[in-house]
Amino acid sequence: MKTQVFLITPPFTQLNTPYPATAYIKGFLNTKNISATQADLGIEVILKLFSKEGLENLFKVSGLKFKVGEVSENCKRILALQDEYIKTIDSVIAFLQGKNPTLALQICQEDYLPEASRFAQLEELDWAFGTMGTQDKAKHLATLYLEDISDFIVECVDANFGFSRYAERLGRSANSFDELYTALQQEPTYIDNVLFSLLKDRIETIQPELFLISVPFPGNLYSAFRSAQWVRKHYPNIKISMGGGFPNTELRSLSDSRVFEFFDYITLDDGELPVELLCDVVLNSPPLEEWPNVGVAKRTFLLENGKVVYKNNSLKSDYKQSEVGTPDYSDLFLDKYISVIEIVNPMHRMWSDGRWNKLTMAHGCYWGKCTFCDISLDYIKIYEPIAANLLCDRMEEMIAQTGQNGFHYVDEAAPPALMRALALEILRRKLSVTWWTNIRFEKSFTRDLCLLLKASGCIAVSGGLEVASDRLLQLIDKGVTVEQVAKVTRNFTEAGIMVHSYLMYGYPTQTIQETVDSLEMVRQLFEVGVLQSGFWHQFAMTAHSPVGMYPEKFGVVKETETIGTFANNDINYVDKTGIDHDKFSFGLKKSLFNFMHGICFDYELQDWFEFKIPKTKIHPDFIANALEEVEDFNIKPTAKIVWLGGKPIVEHFTKSKKGNSWEMITLTFHDKKESFSIQTGKNEGEWLMQMLEKISVSKSKIYTFQEIKSDFETHFENFELFWYSKPVNTLREFGLLVL
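Because the structure is a prediction, the values reported are computed rather than measured.

Analysis parameters
- Residues numbered from 1 in each chain as written.
- Predicted model: local features only at pLDDT ≥ 70, side-chain atom pairs only at ≥ 80, totals over all residues.
- Heavy atoms only, no water.
- Helix = DSSP H or I, 4+ residues; strand = E, 2+ residues; numbered from the N terminus.
- Rg over C-alpha atoms; globule rule 2.2 N^0.38 Å.
- Buried < 20%, exposed > 50% of the residue type's maximum accessible area, 1.4 Å probe, protein only.
- Contact = heavy atoms within 4.5 Å.
- Areas by Shrake-Rupley, 256 points an atom, 1.4 Å probe, with all protein chains shown as cover.
- Lys, Arg positive; Asp, Glu negative; His and termini not counted.
- Salt bridge = Lys/Arg side-chain N within 4 Å of Asp/Glu carboxyl O.
- Polar contact = N/O pair within 3.5 Å; in protein donor to acceptor, adjacent residues only side chain to side chain.
- Axes fitted to C-alpha atoms, helices over the stretch in contact; angles between N-to-C directions.
- Parallel < 35°, antiparallel > 145°, perpendicular 65-115°, else oblique.
- Left-handed = near helix turned anticlockwise from the far one by under 90°.
- Nonpolar A, V, L, I, M, F, W, Y, C, P; charged D, E, K, R; others polar.
- Phe/Tyr/Trp six-rings, centres within 6.5 Å; stacked < 30°, edge-to-face > 60°.
- Lys NZ or Arg CZ within 6 Å of the ring centre and 35° of its normal.
- Arc of directions from axis to C-beta.

A. Looking closely at the overall build of the chain. Along the backbone of the chain there are 30 helices and 25 strands. Against the globule reference of 27 Å for 739 residues, the chain gives a C-alpha radius of gyration of 29 Å, in line with a compact fold. Based on the C-alpha atoms only, the size of the chain along its principal axes is roughly 100 × 60 × 60 Å. Within the chain, the proportion of its 739 residues that are buried is 56%. Residue pairs at least 24 apart in sequence account for 76% of intrachain contacts in the chain once pairs closer than 6 positions are excluded. Total accessible area on the chain stands at roughly 32,300 Å², and carbon and sulfur atoms take up 50% of it.

Given below as structure tokens:
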């Protein structure tokens with residue numbers, strides 16, 4: 001059967017795993033019996049470029065630059081070593097795809113790969129290799145090798161090339177379409193032609209009626225337009241639509257009619273219903289005179305009588321998350337993605353290394369208040385969680401389809417209660433999975449909840465500390481304090497879950513003193529070991545955030561009120577403080593690099609900057625003191641009690657003292673790491689065994705603290721005395737959780 005819809009992600013996003021948007025839409029179209037094929041043209045272009053044949057062609061094309069002498073010594077070196085690159089490229093790619101693991105030994109000998117300028121950093125990073133295994137070190141060296149070739153492509157073949165973005169400059173802050181439009185009138189680049197050859201094969205094979213292009217980032221925009229341009233020229237009967245993160249945030253006030261020389265439609269926000277309505281029109285073949293009009297549409301831009309119009313006249317409501325189906329990764333080359341390692345950042349490594357199935361626990365954000373965030377847009381504003389049992393159903397379906405049991409939950413902020421329910425369901429079903437997600441550092445993440453998440457397979461969380469200043473966190477309306485973040489990160493860290501923090505500088509009204517104090521807070525968090533990863537972002541004002549909509553409330557002034565005809569998201573502004581926040585960028589990032597590797601905590605903060613900064617006003621033990629505060633041990637009656645351990649081995653014995661004897665019981669438990677025993681009176685021990693069986697994580701019913709207390713008190717007295725006794729305290733250390 002001929003495919004009706006063709007979905008693509010244009011170059012480039014990630015090398016190691018597919019961006020999930022097309023898989024989400026294909027999963028939905030499955031529920032409507034609409035046949036669809038998808039492709040990640042990013043990885044396909046990379047694999048065509050980085051192959052023996054691809055490099056042979058690349059070095060031939062690069063010759064034009066060399067004839068006029070416009071190349072660096074680095075590129076001359078790479079060209080001189082071209083035979084070595086051509087000889088090794090297929091083996092290296094296979095190694096990074098996980099198909100050639102024995103090559104690691106040869107790569108690590110450091111006389112196998114040709115080396116250019118990227119390898120110059122190795123001397124600086126020798127100390128870091130001590131913590132890496134052979135496979136990881138080889139992946140890092142192979143990554144440098146690919147980056148050398150990338151540098152060659154940028155200088156000698158296509159200046160817009162980048163592994164995870166292409167011509168990103170043309171898509172970023174493009175208030176006017178002029179520059180991108182001009183670029184699209186030029187002759188196609190070498191990489192454009194590689195893209196076109198792949199498109200040609202697919203379009204001829206699939207023969208779709210509707211071509212959907214997902215554009216998640218500015219770095220996908222140029223190639224999205226190039227793809228649309230090529231299909232429009234060679235297959236004018238195919239209708240073309242754009243959706244995804246870029247139009248959702250950037251193109252909400254689109255008015256430039258030239259965009260529709262390339263696209264028939266641009267849809268905003270959740271794509272399921274808009275795409276279904278487009279399918280109704282396109283696939284049902286209405287009379288030609290009805291084109292390009294769409295009678296009924298949902299959040300769709302199109303051209304009507306030469307002008308851009310926005311249609312949102314459908315009375316149908318968007319689909320509930322329970323109705324959109326399971327993401328479908330079929331058609332994608334899941335065994336051909338390549339894992340690379342950039343040594344700098346542990347969380348960024350997770351982004352670039354390994355194959356992850358992408359899922360969402362909840363649509364939108366349950367907090368929805370942060371003043372720098374796009375909280376006015378539906379993707380944040382409309383919060384809808386998905387039931388834990390349905391999430392696990394989808395996980396099991398995706399494991400069966402992809403053969404991969406790693407999951408990245410791509411939530412804006414995963415809700416703690418739903419994370420708890422998901423963890424319990426994973427454990428109940430005895431699923432062996434690995435997962436990570438984004439959170440808010442809120443106090444709901446207790447020690448016991450973190451232990452539960454770890455037991456279910458959670459290996460990492462990321463969350464926004466933003467500006468580590470309580471005044472600014474309040475202005476941001478983050479709903480946390482630095483002290484609270486420290487305690488929550490401690491709970492995750494002690495449970496064995498890696499913590500990454502998003503950090504921000506240059507927020508409106510932020511003073512130099514607050515920047516310095518924020519850095520000191522971050523230094524202490526790494527020094528006490530409760531943060532393992534972080535990244536500094538400079539504040540950017542966006543059109544759909546409270547700061548962008550009401551800048552006067554935050555002490556900033558927009559440079560212009562003019563609304564561009566193309567992209568309108570990033571807003572240029574003037575901060576009344578007059579501080580040049582850019583100058584802090586290098587020092588903040590350099591210090592963080594060292595803190596992440598556990599060094600330089602004794603440096604003065606001034607040492608990171610080449611200009612004078614004030615001394616910090618933060619007490620040197622602020623974080624350490626916050627972590628020493630005694631936690632509240634009061635347990636709410638509604639708290640849920642769960643036992644992660646197994647059944648004990650029972651031994652009876654008699655204990656005598658001063659002529660009196662008691663029947664006693666020893667319960668011996670074995671977990672994956674060790675064994676331990678507790679002793680109680682016979683009756684209490686037998687009650688405890690029965691209760692542990694009832695509250696086992698494998699059971700569907702969850703008991704509350706009050707229910708356990710009431711049950712105990714039908715047999716015995718002094719429940720509190722029993723609960724806080726040594727045997728129960730021992731069980732609390734080994735998996736008796738209060739949630």
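Don't stop here, the text continues.
B. Structural detail: the side chain of D517. Along the polypeptide, D517 turns up in helix α23 (residues 512–527). For D517, which is buried and forms no salt bridge, the nearest opposite charge comes from K617, at a distance of 6.5 Å. Here the side chain of D517 touches K617 through a polar contact of 2.9 Å, landing on its backbone nitrogen. Once residues within four sequence positions are removed from consideration, D517 is found in contact with T616, K617 and I618.

C. Quick peek at the packing of helix α6 (residues 82–96) against helix α9 (residues 134–156). Interaxial distance between α6 and α9 falls to 11 Å at its minimum, and their mutual angle equals 135°. Overall, the two elements α6 and α9 adopt an arrangement that is oblique. Both α6 and α9 take part in a crossing whose hand is left-handed. Residues Y85, T88, I89, V92, I93, F95 and L96 of α6 form the contact with α9, whose own contacting residues are Q135, A138, K139, A142, Y145, L146, D148 and I149. In terms of residue class, the contact of α6 with α9 is built from eleven nonpolar, two polar and two charged.

D. The packing of aromatic side chains, seen in detail. All chains considered together, the criterion is met by 42 aromatic pairs. Seen from their ring centres, W230 and Y235 are 5.9 Å apart, and the 50° between their planes marks the pair as tilted. Taking relative accessible area as the criterion, W230 reaches 11% and is therefore assigned buried. Three or more aromatic residues joined by ring pairs make a cluster, and in this case those are W687, F705, F712, F716, F719, F722 and W723. Directly above the aromatic system of Y550 lies the positively charged group of K553, at a separation of 4.7 Å from the ring centroid. Across from the ring centre of F611, 4.7 Å away, lies the NZ or CZ of K583, which sits over that ring.

E. Quick peek at the environment of F719. Relative to the helices and strands, F719 resides in helix α29 (residues 719–723). Put simply, F719 and V215 are 504 residues apart on the chain and 59 Å apart in space, counted from C-alpha to C-alpha. Look past the residues within four positions of F719 in its chain and what remains in contact with it is F705, I708, K709, F712 and E713.

F. Representation of the packing of helix α3 (residues 52–61) against α6. Remark: α3 packs on α6, axes separated minimally by 8 Å, with the N-to-C direction vectors making an angle of 155°. Between α3 and α6, the crossing angle belongs to the class labelled roughly antiparallel. At the point where α3 passes α6, the crossing takes the right-handed sense. In this structure, α3 uses K52, L55, E56 and F59 to contact α6, whose residues at the interface are Q82, Y85, I86, I89 and D90. Residues that form the contact of α3 with α6 fall into these classes: five nonpolar, one polar and three charged.

G. Structural view of helix α5 (residues 73–80). Residues of α5 that are buried include every one of N74, C75 and I78, and no others. Around the axis of α5, the buried residues are gathered within 95° of arc, so they sit on the same side. Turned more than 90 degrees away from the buried face of α5, the exposed residues are E73 and A80.

H. Representation of the environment of W687 within the structure. Along the chain, W687 falls in helix α27 (residues 682–694). Residues W687 and F712, spaced 25 residues apart in sequence, show a C-alpha to C-alpha distance of 7.8 Å. Once residues lying within four places of it in the same chain are set aside, the contact partners of W687 are I708, D711, F712, H715, F716 and F722. Separated by 2.7 Å, the side chains of W687 and D711 make a polar contact.

I. The pattern of salt bridges, seen in detail. Overall, the coordinates contain 38 salt bridges when judged by the stated rule. A salt bridge links K32 to E276; its shortest N-O distance comes to 3.9 Å. With K32 in the loop between α1 (21–31) and β2 (36–40) and E276 in helix α15 (residues 272–283), this pair connects stretches of sequence that are 244 residues apart. For R252, the salt bridge is made with D269, and the minimal N-O distance between the two is 2.9 Å. Here R252 is found in the loop between α14 (245–250) and β5 (265–267), whereas its partner D269 is found in the loop between β5 and α15, with 17 residues between them in sequence. Given the relative accessible area of 25%, R252 is considered partly exposed. Counted as one network, the salt bridges with shared partners bring together D393, E396, E425, R428 and R429.

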